[in-house]
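A look at the structure
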Amino acid sequence: MNTDLDNNELLVIKFGGAYLCDKSKYQTLNDSNIDSFIEIIKHLVKGRFKLIVLHGAGSFGHHDAKKYKITSGFNKGEYQSDVGICKTRQSVLKLNALLISRLNSECINAVSVSPFDSWLTQDNKVIQDNCRHLELLLSMDIIPILHGDVCLDTKIGCTIISGDILIQTICEKLRPKRAIFITDVNGVYNLPPSSHPNAKLLSFIHLNENGDILNEQEQQQQQQFVHKQDSCDVTGGMEAKIKSAKTIASLYSVDTLIIGGTHHEIIQSQNLIQNVLSLERGTILSTKQL
Ligand SMILES: Nc1ncnc2c1ncn2[C@@H]1O[C@H](COP(=O)(O)OP(=O)(O)OP(=O)(O)O)[C@@H](O)[C@H]1O
Ligand SMILES: C=C(C)CCOP(=O)(O)O
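Note that the structure is a prediction, hence the values are computed from the model and not measured. (Residues numbered from 1 in each chain as written. Chains lettered and ligands numbered in written order. Predicted model: local features only at pLDDT ≥ 70, side-chain atom pairs only at ≥ 80, totals over all residues. Heavy atoms only, no water.)

Notes on the pattern of salt bridges
Note the following rule: Put simply, a salt bridge is a Lys or Arg side-chain nitrogen that is within 4 Å of an Asp or Glu carboxyl oxygen. By definition, any uninterrupted DSSP run of H or I lasting at least four residues is a helix, any uninterrupted run of E lasting at least two residues is a strand, and each is numbered from the N terminus.
Enumeration according to the criterion identifies 14 salt bridges in this entry. For the salt bridge of Lys-50 with Asp-141, the shortest nitrogen-to-oxygen distance reads 2.9 Å. Separated by 91 residues along the polypeptide, Lys-50 in strand β2 (residues 50–55) and Asp-141 in the loop between α6 (131–139) and β6 (143–147) bring together distant segments of the chain. For Glu-135, the salt bridge is made with Arg-132, and the minimal N-O distance between the two is 3.0 Å. Note that Glu-135 and Arg-132 are positioned in helix α6 at a spacing of three residues, about one turn of the helix. Taken together, the shared-partner salt bridges connect Lys-14, Asp-164 and Lys-241 into one network.

Section: the confidence of the model for the protein
As a reminder, the rule being used: On a range of 0 to 100, pLDDT expresses the predictor's confidence in each residue.
In this model, the protein carries a mean pLDDT of 92, and residues with pLDDT of at least 70 account for 94%. With pTM at 0.95, the complex prediction returns an ipTM value of 0.97.

What to know about the site of ligand 2
Note the cut-off: Whether a residue is near a molecule or strand depends on its heavy atoms: if one lies within 4 Å, it is near. We define a polar contact as two N or O atoms separated by no more than 3.5 Å, with the added condition that, inside protein, one atom must be a possible hydrogen donor and the other a possible acceptor, whereas residues neighbouring each other in sequence contribute only through side-chain atom pairs. Accessible surface is estimated by sampling points in the Shrake-Rupley manner with a 1.4 Å probe; for residues, cover comes only from the protein chains shown.
For ligand 2, the full set of nearby residues is Lys-14, Gly-56, Ala-57, Gly-61, His-62, Thr-88, Gly-148, Asp-149, Ile-160, Ser-162, Gly-163 and Thr-235. Lys-14 is positioned with one of its side-chain polar atoms (N or O) 3.1 Å from an oxygen atom of ligand 2. A distance of 2.7 Å separates an oxygen atom of ligand 2 from a polar atom in the side chain of Ser-162. For ligand 2, the accessible surface in isolation is 320 Å², of which the surrounding protein chains cover 98%.

Re the sheet that holds strand β7 (residues 149–153)
Rule in force here: Strand pairing is assigned whenever DSSP identifies at least 2 bridges connecting the two strands. Helix axes use the C-alpha atoms of the stretch in contact, all axes being lines fitted to C-alpha atoms, and the angles between their N-to-C directions lie in the range 0 to 180 degrees.
Spatially, four strands are ordered β5-β4-β7-β8 in an open sheet, and the strand pairing comes out mixed. Edge positions in the sheet fall to β5 (125–128) and β8 (157–161), since each has one partner strand and no second. Strand after strand, the sheet turns through a mean of 45 degrees between neighbouring axes, direction not considered. Sheet topology note: the strand β4 (residues 120–122)/β7 ladder contains two bridges and is parallel. Within the sheet, the bridge partner assigned to Leu-120 lies in β7 and is Leu-152.

A few points about the UniProt feature "site: Transition state stabilizer" (unreviewed entry) in the protein
What counts here: UniProt positions are given in the numbering used here, feature names are shortened, and annotations may be inferred rather than shown by experiment. Accessible area is worked out with a 1.4 Å probe on protein chains only. A residue is then buried under 20% of its type maximum, exposed over 50%, and partly exposed in between. Working rule for contacts: check all heavy atoms of both residues, and any pair within 4.5 Å makes them a contact.
Summarizing the sequence annotation, UniProt attributes the feature "site: Transition state stabilizer" (unreviewed entry) to Lys-23 in the numbering used throughout. Residue Lys-23 is classed as buried on the basis of its relative accessible area, which comes to 14%. Setting aside residues up to four positions removed in sequence, Lys-23 forms contacts with Gly-17, Ala-18, Gly-58, Ser-59, His-62, His-63, Ser-231, Cys-232 and Asp-233.

So, the sheet that holds strand β12 (residues 283–286)
In spatial order, the strands read β3-β6-β2-β1-β9-β11-β12-β10; together these eight strands make up an open sheet with mixed pairing. The open sheet is flanked by β3 (110–112) and β10 (204–206), the only strands paired with a single partner. Taking the axes of each pair of neighbouring strands and ignoring which way they run, one obtains an average angle of 20 degrees across the sheet. Bridge count for strand β11 (residues 255–260) against β12 is three bridges, and the pairing is antiparallel. Its bridge partner lying in β12, Ile-258 is registered against Thr-283. Packing against the sheet, helix α5 (residues 81–105) makes contact with β2, β3 and β6, and its axis sits at approximately 155 degrees to β6.

Brief notes about the packing of aromatic side chains
We count it as follows: Paired rings are identified among Phe, Tyr and Trp, the last through its six-membered ring, by centres lying within 6.5 Å, and are further divided according to the angle between planes into stacked (under 30 degrees), edge-to-face (over 60) and tilted (the rest).
In total, this model carries two aromatic pairs according to the counting rule given. Both rings, one in Phe-15 and one in Phe-37, keep their centres 4.7 Å apart while their planes meet at 80 degrees; by these two values the pair is edge-to-face. You can see Phe-15 sitting in strand β1 (residues 10–15) and its partner Phe-37 sitting in helix α2 (residues 31–46), a full 22 residues away along the chain. Owing to a relative accessible area of 0%, Phe-15 belongs among the buried residues under this scheme. Three or more aromatic residues link up through ring pairs in this structure, and these residues are Phe-15, Tyr-19 and Phe-37.

What follows is the structure, encoded as structure tokens:
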């Protein structure tokens, strides 16, 4: 079967758990943002983009993973990791099944491609992925839906693999036109926006090939970008997202956008980058001078 991809049509898009859920309340959805999730995907499909979609776990996963210390590795006696693995997976699969059933009911062909069965890490480094499955599904016009998940680890037994890490490997292997992170804030701010009402949105983070920030002001502010999250999160929050976005943009030369899910019109537009810059909504990370 011919699976040659026109990478110019491929978007890899991660919907954050903070956007889809209320992260502070166990297994609680954000219903209006789930409606928007469906609308955004519908429009992108209509716009003839090929899509790989990922979603975070939000309050369907982080709470269980934290309680059973899944990121500390397998320890049945001390952490009850055996119980924790089952509970965490049950939680995140609940969210995944719900999103897919909503998509399917809108006649969007989307299937679950859980990382748990096919990805492996060694001491938290990815050593096996399912990108070949993703390519085959794309050639069949089926949208693969991945999610942050429990991952078996050949050294420590088990860990959590975030959607922010999955998207890195996917971009490395499939080199899409663009990677998009959708979350509950407008983009990356110079200061944590929840505790700094006057924080400034950074529209463009210019990087060199090593992932170093080139714009002077943004470089100076780098240390202040993030703070410890208030919400329940085991995968590093915004800090991990910025790190992942920097890797994707610099090492794999894929222009990357971090944006709030309320900006539908921008996410769906063909002229995405220009709109983000001119309307000052969202943050673009790129090695090019845009
Ligand atoms: N400098 C910053 N710029 C933007 N957001 C920030 C910054 N520092 C901290 N944050 C916080 O990061 C949060 C989003 O990160 P988080 O990891 O929770 O998102 P997510 O990817 O949507 O969730 P999940 O990890 O469950 O998939 C925002 O709610 C925001 O308050
Ligand atoms: C906590 C679990 C199960 C996955 C976390 O994935 P993320 O929300 O994408 O960071």
